[in-house]
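Here is how the chains run, residue by residue.
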Amino acid sequence: MLQTLYSCFWWEQLWLPANLTWADLEDRDGRVYAKASDLYVTIPLAFLFLVVRHLFETYVATPLAGLLNVKEKIRLKAAPNPVLEKFYATTSKHPKQADVELLSRQSGCAVRQVERWFRRRRNQDRPSLLKKFREASWRFTFYLIAFIAGMAVIVDKPWFYDLREVWKGYPIQSMLPSQYWYYMIELSFYWSLLFSIASDVKRKDFKEQIIHHVATIILISFSWFANYIRAGTLIMALHDSSDYLLEVSPLPAAPAVSHAPFPPHPAPAPQSAKMFNYAGWRNTCNNIFIVFAAVFIVTRLVILPFWIMHCTVVYPLDLYPAFFGYYFFNFMMVVLQSLHIFWAYLIIRMAQKFITGKARGGLGWSFLLPSQVVEDERSDREETDNSEEEEEAAKNGPLSNGHPVLNNNHRKTD
């Protein structure tokens, strides 16, 4: 039965144009073709990426965070309470008012104490600033290197300037060593993102990120063994062009977005602020956001659908009739494009707040001032304990920015 399923899966009429077989893509006459078996190496490479990432975050990103003065926010811990902890773990992290009152009676705590406990407990589970910075640093480094490498691979190729060259002679197109390594490294990286997604910072678009990574892996794999390599390298480089900017701007991707075919990431995903924002460089962060938003929209909403997807949908039909692999590839491209539209919507929402001054700390049209920062639509906000502020106010008088107001140039004392 397994042999039958294997034969059905690799049926030539599924993945190749009519009158072509896998035998036509066997190495001969000095020509080397991509093979499905080449992709086996990406799994051990993905685990190697996880090791390299751990070393990078420990010995590069962490010291860099110290140099940039990235500091952890001190969070008040929730006092041990078995009744509340059980409800938090098994029922809900956001209890309704009726649940709060019931828990108050069961635990012997006041209603306000129960509410405060849940706020503190939720904040305990949120990722630390250092963790976010380390993750963003790692992805920024990879995407920047991948973009430079990708451009080096394709910039001197004729299909970079004339998209009809992508299909010239297809599928009898010999593979180049640079294309081999570009594919293996990109696919291995996306496998590593999928393997680590459970332990990485979770955002509101967590499900979209999983869809993105899976679609990316499927597209890269299919484009490899079906010899869509020329189109694949163009798509990967296009996505990498904005993904590294994502990690230093305050906005998403993504996806994780990207963090493919080929994005991540990535946006391909967004964190409440990226590397420079974690470091407090808000003015730099805001300016990079403007560049990132422009690059993302131009590459994902203009170049990709109107040039690259036009190339993969229209030009192949000049050479051969549509077949299952053709429909499959372009369907997966539509899935990715849908994710791009979703993330572009978030970016435009952020940009609207950014320009109109509705962002946190907004200052009207003064959107280049360092005091303004745009919050990531995909990220959870840190909760504040208003009841504690009220108690502090009762003791010390009104608060200004979290500190007691000065009276006659002297701070009120307890």
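Residues numbered from 1 in each chain as written. Predicted model: local features only at pLDDT ≥ 70, side-chain atom pairs only at ≥ 80, totals over all residues. Heavy atoms only, no water.

The name an unreviewed UniProt entry assigns to the chain is CERS2 synthase, from the organism Centropus unirufus. According to UniProt, the comment filed for the chain under the heading Catalytic activity (unreviewed entry) is "sphinganine + octadecanoyl-CoA = N-(octadecanoyl)-sphinganine + CoA + H(+)". (UniProt positions renumbered as here; feature names shortened; annotations may be inferred.)

## So, the overall build of the chain
Secondary structure assignment for the chain yields 14 helices and four strands. Here the chain, with 414 residues, has 47% of them falling under the buried criterion. Roughly 20,500 Å² of accessible area belongs to the chain as shown, and the carbon and sulfur atoms make up 63% of that amount. (Helix = DSSP H or I, 4+ residues; strand = E, 2+ residues; numbered from the N terminus. Buried < 20%, exposed > 50% of the residue type's maximum accessible area, 1.4 Å probe, protein only. Areas by Shrake-Rupley, 256 points an atom, 1.4 Å probe, with all protein chains shown as cover.)

## Points about the UniProt feature "transmembrane region" (unreviewed entry) in the chain
Residues annotated by UniProt as "transmembrane region" (unreviewed entry) correspond here to residues 38–56, 140–160, 210–229, 288–308 and 328–348. The straight-line gap between the two end C-alpha atoms of residues 288–308 is 26 Å; of that span, 100% is helix and 0% is strand. Taken end to end, residues 328–348 comprises 100% helix and 0% strand; its first and last C-alpha atoms sit 30 Å apart.

## Thoughts on the packing of helix H4 (residues 82–90) against helix H6 (residues 111–125)
Where H4 contacts H6, the two axes come as close as 11 Å, and the packing angle between them is 55°. On the basis of their axis angle, the class for H4 and H6 is oblique. H4 and H6 meet at a crossing whose hand is right-handed. Here H4 contributes Leu84, Glu85, Phe87 and Tyr88 to the contact with H6, which in turn contributes Val114, Trp117, Phe118, Arg121, Arg122 and Asp125. (Axes fitted to C-alpha atoms, helices over the stretch in contact; angles between N-to-C directions. Parallel < 35°, antiparallel > 145°, perpendicular 65-115°, else oblique. Left-handed = near helix turned anticlockwise from the far one by under 90°. Contact = heavy atoms within 4.5 Å.)

## Remarks on the pattern of salt bridges
If charged atoms from side chains of opposite charge come close, those side chains can pair. Going through the model one piece at a time under the given rule, you end up with 12 salt bridges. Residue Arg53 pairs with Glu135 through a salt bridge whose shortest N-O separation is 3.8 Å. Here Arg53 is found in helix H3 (residues 42–67), whereas its partner Glu135 is found in helix H7 (residues 129–154), with 82 residues between them in sequence. Taking relative accessible area as the criterion, Arg53 reaches 8% and is therefore assigned buried. A relative accessible area of 2% means that Glu135 is categorised as buried. Measuring nitrogen to oxygen at the nearest pair gives 2.8 Å for the salt bridge that ties Asp200 to Arg53. Of this pair, Asp200 sits in the loop between helix H8 (177–196) and helix H9 (206–225) while Arg53 sits in helix H3, and the two are 147 residues apart along the sequence. Through salt bridges with shared partners, a single network forms among Arg53, Glu57, Lys131, Arg134, Glu135, Arg139 and Asp200. (Salt bridge = Lys/Arg side-chain N within 4 Å of Asp/Glu carboxyl O.)

## Quick word on the packing of aromatic side chains
For any two aromatic rings, the description comes down to two numbers: the centre-to-centre distance and the angle of the planes. Using the criterion set out here, one finds 44 aromatic pairs in the structure. Aromatic pair Trp138 and Phe189: ring centres 6.3 Å apart, planes at 45°, arrangement tilted. Of this pair, Trp138 sits in helix H7 while Phe189 sits in helix H8; the two residues are 51 residues apart in sequence, bridging distant segments of the chain. Both residues of the pair, Trp138 and Phe189, count as buried. (Phe/Tyr/Trp six-rings, centres within 6.5 Å; stacked < 30°, edge-to-face > 60°.)

## Quick notes on the nonpolar core
Grouped burial of nonpolar side chains is what soluble globular proteins tend to show. Formed by 70 residues in total, the largest nonpolar core has its most connected members in Val166, Trp167, Trp224 and Tyr228. Setting aside residues no more than four positions away along its own chain, Val166 makes contact with Trp159, Gln173, Arg230, Ala231, Leu234 and Cys311. Formed by nine residues, the second largest nonpolar core is a distinct cluster that contains Ala78, Leu84, Val114 and Phe118. (Core = buried A, V, L, I, M, F, W, Y, C linked by side-chain atoms within 4.5 Å.)

## What about a nonpolar patch on the surface?
A cluster of nonpolar residues, Leu48, Val51, Val52, Leu55, Tyr59 and Val60, forms a patch on the protein surface that exposes about 550 Å² of accessible area. Mapped onto the secondary structure, Leu55 falls in helix H3. Leu55 sits in the partly exposed class, given a relative accessible area of 42%. (Patch = residues over 30% accessible without salt bridge, like charges linked within 9 Å, V, L, I, M, F, W, Y side chains within 5 Å.)

## Topic: unusual backbone geometry
Excluding glycine, most residues fall at negative phi; most peptide bonds, likewise, are trans. Of the consecutive residues Tyr170 and Pro171, the connecting peptide bond is found in the cis state with omega at 0°. Its location among the elements puts Pro171 in the loop between H7 and H8. In this model, Asp29 sits at a positive phi of 55°, which is unusual for a non-glycine residue. Residue position: Asp29 is located in the loop between helix H2 (12–15) and H3. On the basis of relative accessible area, Asp29 is assigned to the exposed category, the value being 76%. The phi torsion at Asn227 lies on the positive side, around 65°, for a residue other than glycine.

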